[in-house]
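# Structural description and commentary
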Amino acid sequence: MAAEGKVTGQSQEQFLLLAKAARGAALASLIHQVLEAPGIYVFGELLDMPAVRELADSEFSPVFRLLTIFAYGTYADYLAEAANLPPLTEAQKNKLRHLSVVTLAAKIKVVALIFPQIPLCWGYLMLVTVLVLQCIPYSVLLEQLQLKNVRQLEDLVIEAVYADVLRGSLDQRNQRLEVDYSIGRDIRREELSTITRTLQEWCQGCEVVLSGIEEQVSRANQHKEQQLALKQQIESEVANLKKTIKVTTAAAAAATSQDPEQHLTELREPAPGTNQRQTSKKTSKAKGLRGSAKIWSKSN
């Protein structure tokens, strides 16, 4: 593809050099050669040449108009004026159809929204990704390019892909052409203001998105700092509490002349035999009560 592009650029430069010296019928013939030459899809430099502009007011004005259609128009535009324009060769028809597909790809777009989630320490950051898909239905292509069947259409698209005019895929199931990339076409001078305004709006949109992202990042950093400070505070309080418990236990053990660990164990567990003594006391009391009841009955 790179070698082919280099050869195409060289051939275009050769045509431009020849056009500087050509006039009248020779220049009109040269324009026909340019329109038929493979790999040349940009004609702005040729249109800006003074000698070419002079053709618009001469007997070769149809040739100048044909060159204008190749630069800015489509195959449908040619068919609308075909009676007043020179006939096209098969190679010229296919080239103009290639350019028409590029124009259609720029006009017909499907917007898809993607919502990726970026994990953060406090949750997820939601970003909206706008994916613009250039999908052209087969029905539109068949109508605009005046082709008889899908087989001719797919052959034309494959030819355009090999010519590096566009890149994409043929979706035969959904009957559409999905364009991933296409070349840029020539721009009219009156379109420059619209392009400038569009770029300015795009830059403003980028600034808004960037500002929103910076705000989200700043908020996430603040939340992270707060969580770290809270963690350090809790760890400090736990450490102080452990020290307090240890000091209190040591003081109590010193008062009873016991080891601190042994004193803690005694506080947690009752002394051995305590439960047995309490049980025997309860048993003896119960026996005493039964004995007294017997004596009372005898006295009666």
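What you are looking at is a predicted structure, and each value in this text was computed from that prediction instead of being measured. (Residues numbered from 1 in each chain as written. Predicted model: local features only at pLDDT ≥ 70, side-chain atom pairs only at ≥ 80, totals over all residues. Heavy atoms only, no water.)

### Looking at the overall build of the protein
Scanning the protein for helices and strands turns up 12 helices and 6 strands. Here the protein holds 300 residues, and 25% of them are scored as buried. Taking as baseline every contact in the protein between residues at least 6 positions apart, the subset at least 24 positions apart corresponds to 55%. Carbon and sulfur atoms form 56% of the exposed surface of the protein, whose accessible area is close to 20500 Å². (Helix = DSSP H or I, 4+ residues; strand = E, 2+ residues; numbered from the N terminus. Buried < 20%, exposed > 50% of the residue type's maximum accessible area, 1.4 Å probe, protein only. Contact = heavy atoms within 4.5 Å. Areas by Shrake-Rupley, 256 points an atom, 1.4 Å probe, with all protein chains shown as cover.)

### Some points on a nonpolar patch on the surface
A surface patch of nonpolar side chains, about 340 Å² in accessible area, is lined by Ile187, Leu192, Ile195 and Leu199. Assignment of secondary structure puts isoleucine 187 in the loop between β6 (176-182) and α10 (192-255). (Patch = residues over 30% accessible without salt bridge, like charges linked within 9 Å, V, L, I, M, F, W, Y side chains within 5 Å. Salt bridge = Lys/Arg side-chain N within 4 Å of Asp/Glu carboxyl O.)

### Some words on the nonpolar core
Membership of the largest hydrophobic core comes to 51 residues, with the highest contact counts inside it found for Leu27, Ile31, Phe43, Leu46 and Leu141. Looking at which domains feed residues into this core, each of domain 1 (7-72) and domain 2 (88-113 + 127-187) supplies at least three. Setting aside residues up to four positions removed in sequence, leucine 27 forms contacts with Ala19, Ala22, Ala51, Val52 and Leu55. (Core = buried A, V, L, I, M, F, W, Y, C linked by side-chain atoms within 4.5 Å. Domains from an automatic or database assignment.)

### Some words on the packing of aromatic side chains
One pass over the structure, following the stated rule, counts 2 aromatic pairs. Pairing phenylalanine 43 with phenylalanine 70 gives two aromatic rings, centres 6.1 Å apart and planes at 85°, and the pair type is edge-to-face. Of the two residues, phenylalanine 43 is situated in the loop between α2 (24-36) and α3 (44-47) and phenylalanine 70 in helix α5 (residues 61-72); the sequence distance between them amounts to 27 residues. There is no split in this pair, since phenylalanine 43 and phenylalanine 70 are both buried. (Phe/Tyr/Trp six-rings, centres within 6.5 Å; stacked < 30°, edge-to-face > 60°.)

### Focus on the side chain of lysine 95
As for its position among the elements, lysine 95 is in helix α7 (residues 90-107). Put simply, lysine 95 is tucked away with no salt bridge, and the nearest opposite charge, on glutamate 36, sits 8.6 Å away. (Lys, Arg positive; Asp, Glu negative; His and termini not counted.)

### Details of unusual backbone geometry
Residues other than glycine seldom take positive phi values, yet aspartate 164 does so here, at roughly 60°. By the secondary structure assignment, aspartate 164 is in the loop between α9 (150-162) and β5 (166-171). In the Ramachandran plot, glutamine 175 falls in the positive-phi region, its phi being about 55° despite a non-glycine side chain. Turning to its location among the elements, glutamine 175 is positioned in the loop between β5 and β6.

### A few points about the pairing of β6
As judged from the 6 bridges shared by β5 and β6, these two strands associate in the antiparallel manner. The residue bridging arginine 167 from the neighbouring strand is tyrosine 181, located in β6. Counting the residues that bridge the hairpin from β5 to β6 gives 4 residues, and of these glutamine 175 lies at a positive phi of roughly 55°. (Pairing = 2+ DSSP bridges.)

No statement about biological role is implied by the geometric values presented.
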